[in-house]
Amino acid sequence: MFQQAIADYLSGKGLGYAKAAELNHFPEPRRVLDMADELDLTEQQIELSQAVFDTMQHQIRLYDQLPGYRGSFIHENHSYSH
């Protein structure tokens, strides 16, 4: 399960931290992009949402490349039973 959580996180599916934001009508960028048609987003809104998502993914990958930090964000913020 833990390896799947890492794969999901690195692919942009997240770790579920956005739940509180979504419950208050602030969806995460991946969700906005997935629901672009239902939300009737303009091309500009889609482009901006994609830019936010891409920036988040870039930051995740940079963090993951730091010596001694590979996957540590997930380790520090989630406990999974093996």
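Values in this document were obtained by computation on a predicted structure and should not be read as measured data.

Participant: Talk me through the overall build of the protein; I want residue IDs and the actual numbers.
Facilitator: Helix and strand counts for the protein come out as six helices and zero strands. Starting at the N terminus and ending at the C terminus, the protein contains elements arranged as α-α-α-α-α-α. Scored against the burial criterion, the 82 residues of the protein give a buried share of 27%. Counting contacts in the protein only where the partners sit at least 6 residues apart, residues at least 24 apart contribute 54% of the total. When the accessible surface of the protein is summed, it comes to about 6,200 Å², and 55% of that surface belongs to carbon and sulfur atoms.

Participant: Lay out the environment of Gln50 with the relevant residues and their values.
Facilitator: Residue placement: Gln50 occurs in helix 5 (residues 43–65). Relative accessible area serves as the criterion here: at 30%, Gln50 is assigned to the partly exposed category. For Gln50 and Val32, which are 18 residues apart along the polypeptide, the C-alpha to C-alpha distance reads 9.0 Å.

Participant: Provide a residue-level description of helix 5, including the pertinent values.
Facilitator: An α-helical segment advances 3.6 residues per turn. Residues three or four places apart therefore align on the same side. With 23 residues, helix 5 should cover 33 Å at 1.5 Å per step; its first-to-last C-alpha distance of 33 Å lies within 8% of that length. When helix 5 is considered as a whole, its buried residues turn out to be Ser49, Phe53, Gln57, Ile60 and Asp64.

Participant: I'd love a proper account of the environment of Ser49, names of residues and values included.
Facilitator: Tracing the backbone through its elements, the reader meets Ser49 in helix 5. On a C-alpha basis, the gap between Ser49 and Arg30 in space is 8.0 Å, while along the polypeptide they are 19 residues apart. Sequence-distant contacts of Ser49, that is, excluding residues within four places in its chain, are made with Pro29, Val32 and Leu33.

Calculation notes
Residues numbered from 1 in each chain as written. Predicted model: local features only at pLDDT ≥ 70, side-chain atom pairs only at ≥ 80, totals over all residues. Heavy atoms only, no water. Helix = DSSP H or I, 4+ residues; strand = E, 2+ residues; numbered from the N terminus. Buried < 20%, exposed > 50% of the residue type's maximum accessible area, 1.4 Å probe, protein only. Contact = heavy atoms within 4.5 Å. Areas by Shrake-Rupley, 256 points an atom, 1.4 Å probe, with all protein chains shown as cover. Expected span 1.5 Å × (residues − 1).

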